[in-house]
Amino acid sequence: QVQLVESGGGLVQAGGSLRLSCAASGRTFSGYAMGWFRQAPGEEREFVATISWTGIKYYADSVQGRFTISRDNAKNTVYLQMNSLKPEDTAAYYCAARRGAGKQYENEYDYWGQGTQVTVSS
């Protein structure tokens, strides 16, 4: 079992930055890919970014060039640096874990955090 706890959300003005963290515990982090997803009110949850155990990264087109996913395997933590934030980035952000390669589809992830809210004001 893997437990995931997100932090770092908050209220920020458009153009600003936030860094989200996701701390994993419960079993070894080794071999797990991590993903970030988000869900805006009234919308389906959507893929944001993923990083494999070895550091291979993929991003949604909507965040490419603005967001950066990274991980510190020694700390069992994955990060999402979000720059140039837009009001349309407002959502609850969730981290997720799966063994193997990073994937873009939420049904391929086995473990989920509770989410952290990001609100971007215009």
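You'll find the structure just up there.
Scope of this entry: the structure provided in the associated data block.

## Focus: the state of the cysteines
Chemically, a disulfide is nothing more than a covalent bond linking the sulfur atoms of two cysteines.
Working step 1: Scanning the model with the defined rule gives one disulfide in all.
Working step 2: Here Cys 22 connects covalently by a disulfide to Cys 95, the sulfurs 1.9 Å from one another. Disulfide Cys 22-Cys 95: torsion about the S-S bond near 45 degrees, hence right-handed. Of the two residues, Cys 22 sits in strand β3 (residues 18–25) while Cys 95 sits in strand β9 (residues 91–99), which places them 73 residues apart along the sequence.

## A look at the environment of Ser 17
Working step 1: Inspection of the secondary structure assignment puts Ser 17 in the loop between β2 (10–13) and β3.
Working step 2: Among the residues examined, Ser 17 registers a relative accessible area of 39% and is labelled partly exposed.
Working step 3: Along the sequence, Ser 17 and Asp 110 sit 93 residues apart, while their C-alpha atoms lie 29 Å from each other.
Working step 4: Beyond its immediate chain neighbours, meaning those up to four positions away, Ser 17 contacts Val 12, Gln 81, Met 82, Asn 83, Ser 84 and Leu 85.

## What to know about the pairing of strand β7 (residues 67–72)
Working step 1: Of the two faces of β7, the one holding Phe 67, Ile 69 and Arg 71 is buried and the one holding Thr 68, Ser 70 and Asp 72 is not buried anywhere.
Working step 2: Of the pairings in the sheet, the one linking β7 to strand β8 (residues 77–82) comprises six bridges and is antiparallel in character. By the bridge assignment, Asp 72 is partnered in β8 with Thr 77.
Working step 3: Connecting β7 to the next strand, β8, in antiparallel fashion are four residues, including Asn 76 with a positive phi near 55 degrees.

Rules used throughout
- Residues numbered from 1 in each chain as written.
- Predicted model: local features only at pLDDT ≥ 70, side-chain atom pairs only at ≥ 80, totals over all residues.
- Heavy atoms only, no water.
- Disulfide = S-S within 2.5 Å.
- Helix = DSSP H or I, 4+ residues; strand = E, 2+ residues; numbered from the N terminus.
- Buried < 20%, exposed > 50% of the residue type's maximum accessible area, 1.4 Å probe, protein only.
- Contact = heavy atoms within 4.5 Å.
- Pairing = 2+ DSSP bridges.

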